[in-house]
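Chain residues, written in single-letter form:
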Amino acid sequence: MATAAADNGLTISSNKSGKPAAKTRRGLTSPIVSYLQAMPLVLILGLFLLLPILTIAMVSFWDYDSVRIYPDFVTFNYTETLGSWVTWKIYLNTFKFTVIVWLLTMFIGFWVAYFLAFHIRSTTMQIVLFLVCTVPFLTSNIIRMISWVPFLGRNGLINSSLIQLGIVPKPLEFLLFSEFAVVLAMVHLYTLFMVTPIFNTLMRIDRSLVEAARDAGASGFQILTNVIIPLAKPGIAIGSIFVVTLVMGDFITVRFMSGGQSASVGLMMSNQISLLQYPAAAANAVILLIVVLLIVAAILRVVDIRKEL
Amino acid sequence: MHPEKRSREFYVLAFFFTLFVLFLYGPLSTIFILSFQGPSGGLTFPMNGTSLHWFRNLFEQQAVGDFGGSFRRSMVLGLMTTTITVIVSLLAGLAFRRKFRGSTFLFYLAISSLVIPSILISLGIGLFFQVLGIRPAWWSSGLGAHLTWTLPFGVLIMFAVFNRFSPAYEEAARDLGATPWQTFRYVVLPMIAPSLIGVGLFGFTLSYDEFARTLMTAGTFNTLPLEIYGMTTNVTTPVLYALGTVTTVFSFLIILVALTAIIIVGRRRARIG
């Protein structure tokens, strides 16, 4: 107690009196240094995130014709978007993709992470298998989408094997360029975003909790539902944020894998962009942003990310 | 090591895991095989002989647009993004070790950079440059767009690293008379070097493969993913697969180099420490 008070007194007096040893030692910890260190990040995010988003919000009230956009304050970009049943249908379709892909990636992601965390016993093997799962994430999404073509196409591997085995008389048309293909490709692209955070939380579960539950007579299933899943919730939540936001904003997978037979909000926006209808795209963007942030906020009520790192 | 027997659960999950890995790599390996298709072969099996025809085709300028130029641009852009990501994430990581006014806001700003759909960032930066009257280019607006994707990953990794970093080492260094710079250079930096390589790896590969954020920000000249995307609509020969094979092999090489560097740095540290 007394020492603490003395220390405290020392700090205060040293702060007052110029530059004694204690101050130099604390030189690095002054808030100015923190600000300087954070400054590049602030500048980049300000310039390439905050200001562009504000620009979108501004342009969403502008007028446009087929060649250019005009500064103005009109609301028809919003009323047209929200008043059209096409928009609502497309949002519904996007939500449908989101829910299906979310459930599938959560299911697959959890069991893959669970297997890695609880069934692989050597750390080296864990790291190797984890890398095996992560490496595709670091390769091109477009290439990974294209790579489904020889599988799913009309004369693809699946159709030709099914025909050879006599299971179907003629090629299945729904495999490629369909909503099925969109969901398949999204699961393929985005499951890793679920595996990593769930694996991270599972690795931090104290194994003695599992032992204790077993000693107390819990069955394997009870341990899973009462111990492991509740403790894995933060990881599941973070993975869900990734997957939900990726699917909600996706346009390239939907365009490529559905072959133009399905739509999503992102695709609607990218079509408006290619028609140079920027204000309409901007209004759409603002609505999408609000929807996505609301979903993220809802998920964040379950978990504090800062604690999970 | 463990005497207990593998449970049935293990075998079921091991089977599931194997299926998952096949699901991840199966499609990639088919385009790898099909890129060696003979000159008369098509986009699907069967193989009509094997050849390097489509790889040669890839390097003939007129056949597939500007492969060489777009690859060079993607390389340069990737290296620029990597350098900036590593430095800025490291600095931000150091800053976040202490609470400062606005630190929570900045943290959530970085997170939102991750969750805001890419197409929005692309549109936003494109419009921002248009409103300012600046021509977008891959090395300006494109670079900025890539940074909004790589920096949050870098910052989160550094945040996690410094959360587990004991200040005892720095205190010891200071007690031995090291200046703050020496403490950073000889104590902190070697300890976090593997994580920095990891940040760099993320920075490069994410930038090298980025598509959606580049779409409206690349300006006149395409990056490689934009070029590939353009090809998907008008190229109907296995040259597309050859390109896929080449870029994927390149990504794998980068990953391999980074992992080797991490292992070497880790070993050296273990030997000294």
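The model shown is predicted, which means the values in this text are computed figures rather than measured ones.

1. Quick word on the interface of chain A and chain B
At step 1: Contacts between the two partners involve 92 residues from chain A, matched on the other side by 101 residues from chain B.
At step 2: Of the roughly 8,400 Å² buried at the junction of chain A and chain B (both faces included), carbon and sulfur atoms supply 80%.
At step 3: Taken together, the connections running from chain A to chain B amount to zero salt bridges.
At step 4: Joining chain A to chain B, the criterion identifies 11 residue pairs in polar contact (both at pLDDT 80 or more).
At step 5: It is helix 3 (residues 31-59) of chain A that provides the largest number of residues to the side of chain A that touches chain B, a total of 21 residues.

2. Structural notes on the side chain of Ser178(A)
At step 1: With respect to the helices, strands and loops of the structure, Ser178(A) is situated in the loop between helix 9 (157-164) and helix 10 (179-203).
At step 2: Sequence-distant contacts of Ser178(A), that is, excluding residues within four places in its chain, are made with Met257(A) and Ser258(A).

3. Quick look at the confidence of the model for chain A
At step 1: Confidence along chain A averages 83 in pLDDT terms, with 89% of residues attaining 70 or more.
At step 2: Put simply, helix 1 (residues 2-16) of chain A is where chain A has its lowest mean pLDDT, 38, and helix 5 (residues 85-119) of chain A is where it has its highest, 93.

4. Some details on the side chain of Thr134(A)
Residues and elements named next belong to chain A.
At step 1: The residue Thr-134 is located in helix 6 (residues 123-134) in this model.
At step 2: At a separation of 2.5 Å, a polar atom in the side chain of Thr-134 contacts the main-chain carbonyl oxygen of Phe-130.
At step 3: With residues up to four places along the chain from it excluded, the contact list for Thr-134 reads Leu-192 and Thr-196.

5. A few points about the nonpolar core
At step 1: Within the largest apolar cluster, 172 residues are counted, with the highest numbers of intra-cluster contacts made by Leu41(A), Leu152(A), Leu202(A), Ile228(A), Met257(A), Phe96(B) and Leu123(B).
At step 2: The greatest single-element share of this core, amounting to 16 residues, is contributed by helix 10 of chain A.
At step 3: Setting aside anything within four residues of it in sequence, one finds Leu202(A) in contact with Ala113(A), Tyr114(A), Ala117(A), Phe118(A), Arg207(A), Ile228(A) and Ala232(A).
At step 4: One finds Leu94(B), Phe165(B), Phe184(B) and Val188(B) within the second-largest nonpolar core, a separate group that totals 11 residues.

6. Comments concerning the layout of surface pockets
At step 1: Of the pockets and cavities examined, the largest pocket occupies roughly 2,100 Å³.
At step 2: Surrounding the largest pocket, 48 residues form its lining, Phe130(A), Thr196(A), Asn200(A), Ile157(B) and Phe202(B) being those nearest its centre.
At step 3: The class makeup of the residues in the lining of the largest pocket is 34 nonpolar, 10 polar and four charged.

7. Some points on the packing of aromatic side chains
Centre-to-centre distance and the angle between the planes together describe a pair of aromatic rings.
At step 1: In this structure the tally under the stated criterion is 38 aromatic pairs over all chains.
At step 2: Taking 5.2 Å as the distance between ring centres and 40° as the angle between the ring planes, the aromatic pair formed by Phe61(A) and Tyr78(A) counts as tilted. Here Tyr78(A) lies in helix 4 (residues 76-83) and Phe61(A) lies in the loop between helix 3 and strand 1 (63-64), a separation of 17 residues in the sequence.
At step 3: By relative accessible area, Tyr78(A) is classed as buried at 16%.
At step 4: Centroid distance Phe115(A) to Phe10(B): 5.7 Å. Interplanar angle 35°. Geometry classified as tilted. With Phe115(A) in helix 5 and Phe10(B) in helix 1 (residues 8-34), this pair bridges two chains. Across the pair, exposure class does not vary: Phe115(A) and Phe10(B) are buried alike.
At step 5: Through successive ring pairs, a cluster of aromatic residues spans Tyr35(A), Phe96(B), Phe100(B), Phe107(B), Tyr108(B) and Phe159(B).

8. Structural notes on the packing of helix 5 of chain A against helix 6 of chain A
All names here are of chain A.
At step 1: Axis separation between helix 5 and helix 6 bottoms out at 9 Å; the angle between their running directions is 160°. Here helix 5 is positioned roughly antiparallel relative to helix 6, judged by the angle of their axes. For the pair helix 5 and helix 6, the crossing hand works out as left-handed. Judged by residue contacts, Val-112, Leu-116 and Ala-117 of helix 5 engage Gln-126, Leu-129, Phe-130 and Cys-133 from helix 6.
At step 2: Among the residues forming the contact of helix 5 with helix 6, the class breakdown is six nonpolar, one polar and no charged.

9. Some remarks on helix 14 (residues 265-274) of chain A
At step 1: Counting buried positions over the 10 residues of helix 14 of chain A gives eight, a clear majority of the element.
At step 2: Those residues of helix 14 of chain A that sit buried are Val265(A), Gly266(A), Leu267(A), Met268(A), Met269(A), Ser270(A), Gln272(A) and Ile273(A).
At step 3: Taken together, the buried residues of helix 14 of chain A touch helix 5, helix 12 (220-249), helix 13 (252-258) and helix 15 (278-300) of chain A together with helix 5 (118-132) of chain B.
At step 4: With its phi angle positive at about 60°, Leu276(A) sits one or two positions after the end of helix 14 of chain A.

10. Remarks on a nonpolar patch on the surface
All names here are of chain B.
At step 1: Together, Phe-32, Ile-33, Val-249, Leu-253 and Leu-256 line one region of the surface with nonpolar side chains, adding up to about 450 Å² of accessible area.
At step 2: Sorting the residues of the nonpolar patch by element identifies helix 1 and helix 10 (239-272) as the ones contributing at least two each.
At step 3: A total of three residues in the nonpolar patch trace back to one element, the largest contributor, which is helix 10.
At step 4: Among the structural elements, Val-249 can be located in helix 10.

11. With respect to empty space enclosed by the protein
At step 1: For the coordinates displayed, the defined rule picks out two cavities of 30 Å³ or more.
At step 2: If you add up the space inside the largest cavity, you get close to 490 Å³.
At step 3: Around the largest cavity sit 31 residues that line it, and Asn141(A), Leu246(A), Ser118(B), Trp149(B) and Glu210(B) are the ones nearest its centre.
At step 4: When contributions to the lining of the largest cavity are tallied by element, the ones reaching two or more residues are helix 7 (141-146), helix 10, helix 12 and helix 13 of chain A together with helix 4 (103-115), helix 5 and helix 8 (180-209) of chain B.
At step 5: Residue contributions to the lining of the largest cavity peak at four residues, all from helix 7 of chain A.
At step 6: Each residue belonging to the lining of the largest cavity can be placed in one class, and the counts come to 18 nonpolar, eight polar and five charged.
At step 7: Of the pockets and cavities examined, the second largest cavity occupies roughly 30 Å³.
At step 8: Along its surface, the second largest cavity is lined by Ser140(A), Tyr208(B), Asp209(B), Leu224(B), Pro225(B), Ile228(B) and Thr247(B).
At step 9: For the lining of the second largest cavity, the secondary-structure elements that each account for two or more residues are helix 8 and helix 9 (224-234) of chain B.
At step 10: Counting residues per element, the lining of the second largest cavity draws most heavily on helix 9 of chain B, at three residues.
At step 11: Each residue belonging to the lining of the second largest cavity can be placed in one class, and the counts come to four nonpolar, two polar and one charged.

12. Let's talk about the confidence of the model for chain B
Residue and element names in this part refer to chain B.
At step 1: Across chain B, the average pLDDT comes to 85, with 96% of residues at 70 or higher.
At step 2: Per-residue pLDDT, averaged within each element of chain B, yields its smallest value for helix 2 (residues 53-58) (78) and its largest for helix 3 (residues 67-95) (92).
At step 3: Overall fold confidence for the complex sits at a pTM of 0.85, while the interface term, ipTM, reaches 0.86.

Conventions we followed
Residues numbered from 1 in each chain as written. Chains lettered and ligands numbered in written order. Predicted model: local features only at pLDDT ≥ 70, side-chain atom pairs only at ≥ 80, totals over all residues. Heavy atoms only, no water. Contact = heavy atoms within 4.5 Å. Buried area = accessible area lost by both parts, 1.4 Å probe. Salt bridge = Lys/Arg side-chain N within 4 Å of Asp/Glu carboxyl O. Polar contact = N/O pair within 3.5 Å; in protein donor to acceptor, adjacent residues only side chain to side chain. Helix = DSSP H or I, 4+ residues; strand = E, 2+ residues; numbered from the N terminus. pLDDT = per-residue confidence, 0-100. Core = buried A, V, L, I, M, F, W, Y, C linked by side-chain atoms within 4.5 Å. Buried < 20%, exposed > 50% of the residue type's maximum accessible area, 1.4 Å probe, protein only. 1 Å grid on protein atoms, 1.4 Å probe; cavity = no way out; pocket = protein on both sides within 12 Å on 5 of 7 lines; lining within 4 Å. Points joined across faces, edges and corners; volume = space filled by probe spheres on them. Nonpolar A, V, L, I, M, F, W, Y, C, P; charged D, E, K, R; others polar. Phe/Tyr/Trp six-rings, centres within 6.5 Å; stacked < 30°, edge-to-face > 60°. Axes fitted to C-alpha atoms, helices over the stretch in contact; angles between N-to-C directions. Parallel < 35°, antiparallel > 145°, perpendicular 65-115°, else oblique. Left-handed = near helix turned anticlockwise from the far one by under 90°. Patch = residues over 30% accessible without salt bridge, like charges linked within 9 Å, V, L, I, M, F, W, Y side chains within 5 Å. Areas by Shrake-Rupley, 256 points an atom, 1.4 Å probe, with all protein chains shown as cover.

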